[in-house]
Amino acid sequence: MSEITSIPGVGAATAEKLTSAGYHDLLSIAVASIGSLVEATGVSESVSRKMIQYARDNLNMGFESGMAVMKKRELVTKISTGCEGFNNLLEGGFETGAICECFGEFGSGKTQVGHVLATQLLKSDPEARVVYIDTENTFRPERIIQLATAAGLDHEEALNKIMVAKAFNSDHQMLLAEKVDELITRDGQNIKLVVVDSLTAHFRAEYIGRGTLAERQQKLNRHMSTLGKLSSTHNLCVFVTNQVMSKPDQFFGDPTTAIGGHVVAHASTFRIYLRKGKKGTRVAKLIDAPNLPDGECCFMVTEGGLLDV
Ligand code: GTP
Ligand code: MG
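Residues numbered from 1 in each chain as written. Chains lettered and ligands numbered in written order. Predicted model: local features only at pLDDT ≥ 70, side-chain atom pairs only at ≥ 80, totals over all residues. Heavy atoms only, no water.

1. What about the site of ligand 1?
Not every one of the 15 residues close to ligand 1 is listed here, only the nearest: G107, G109, K110, T111 and Q112. T111 is positioned such that a nitrogen or oxygen atom in its side chain is 2.7 Å from an oxygen atom of ligand 1. Residue R143 places a side-chain N or O atom 3.4 Å away from an oxygen atom belonging to ligand 1. Relative to its unbound accessible area of 670 Å², ligand 1 is 64% covered by the protein chains. The element contributing the most residues to the shell around ligand 1 is helix α8 (residues 110–124), with three residues. The class makeup of the residues in the shell around ligand 1 is two nonpolar, seven polar and six charged. (Near = heavy atom within 4 Å. Polar contact = N/O pair within 3.5 Å; in protein donor to acceptor, adjacent residues only side chain to side chain. Areas by Shrake-Rupley, 256 points an atom, 1.4 Å probe, with all protein chains shown as cover. Helix = DSSP H or I, 4+ residues; strand = E, 2+ residues; numbered from the N terminus. Nonpolar A, V, L, I, M, F, W, Y, C, P; charged D, E, K, R; others polar.)

This is the structure in structure tokens:
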């Protein structure tokens, strides 16, 4: 809100209209068309043109030196999985400043990893806080108590540091993700991990059939961009889970593919494929990572956390 009210001529009422039409910041206005702003706010064309010009003039276009990028990289921390093999696969754990995705079939352990990361983060950084966006009603405080206790934490304290929100549908989920920024900038919460479990379930359930695919992908894209921005602006880890579907036309190799297509694939910085292995084990395969070699590791979900096999 504060950013767009800095535009000359934009008062509270116009700002309200802009925000409800999805123009939250200078960037969204800088890249908007004159007509769309007129439509959203009812201002004249010339005012609309001036708003766009102001946004463009005052927008930090985001170029930075390689050295500045390097400095930012030095601030990146890793959230441990509590399991050596899994940590090694990721050279230490799940990175902040990135979207990390685990996809796999039901029961492959995605939700478990989310719970484990939350408690492991609190173990390594008592000042950190976690946001858990729960779309499938699978967040379990009892599980946090088990994991926190095994990690030597006070479980009540741990639970108090995790903020849980249930998302009732995809729009609600998107709104919750947008609100995280406020928790940090307005309320001063030191959030270092945002879990979205599951990223795609609502979208998948609400947009059925080929005809709705484009719209679904468009919304998902907006959601991913919100999450991506959160992760990089606040140097926090966004951990998302994703289901798989079977590819009926695939005869060789693994016939499963992640939901969300290219939109999710490109937005996730790290992608991990989880599957069930032999004798109740789980296999994590690193599919996509900017600076790490592909690889696999094997672990077990136990009461106290993830265990090397
Ligand atoms: P969907 O959300 O259905 O797609 O599955 P998911 O990938 O999120 O699976 P989830 O993380 O819920 O994994 C469930 C599995 O974790 C169970 O089948 C158990 O094998 C294991 N698990 C969960 N809790 C415990 C526990 O307290 N002890 C042990 N030993 N295993 C557990
Ligand atoms: Mg789950």
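2. Description of the pairing of strand β12 (residues 295–302)
The sheet contact formed by strand β11 (residues 282–288) and β12 spans five bridges and is antiparallel. When the bridges of β12 are listed, L286 appears paired with G295. What sits between the antiparallel neighbours β11 and β12 is a turn of six residues. Of the strand pairs in this sheet, β12 and strand β13 (residues 305–308) are connected by four bridges, and their pairing is antiparallel. In the sheet register, F299 faces β13, and the bridge partner there is D308. Turn length for the β12-β13 hairpin, with the two strands adjacent in sequence and antiparallel, is two residues. (Pairing = 2+ DSSP bridges.)

3. Comments concerning the nonpolar core
Core analysis: the biggest nonpolar cluster contains 38 residues, and F86, F94, L193 and I272 have the highest contact counts within it. The element that contributes the greatest number of residues to this core is α8, accounting for six residues. Residue contacts for I272: discarding those within four places in its chain leaves F86, L90, F94, E101, C102, F103, A284, K285 and L286. Judged by nonpolar contacts, the second largest core, of 24 residues, contains A167, A177, V194 and L236. (Core = buried A, V, L, I, M, F, W, Y, C linked by side-chain atoms within 4.5 Å. Buried < 20%, exposed > 50% of the residue type's maximum accessible area, 1.4 Å probe, protein only. Contact = heavy atoms within 4.5 Å.)

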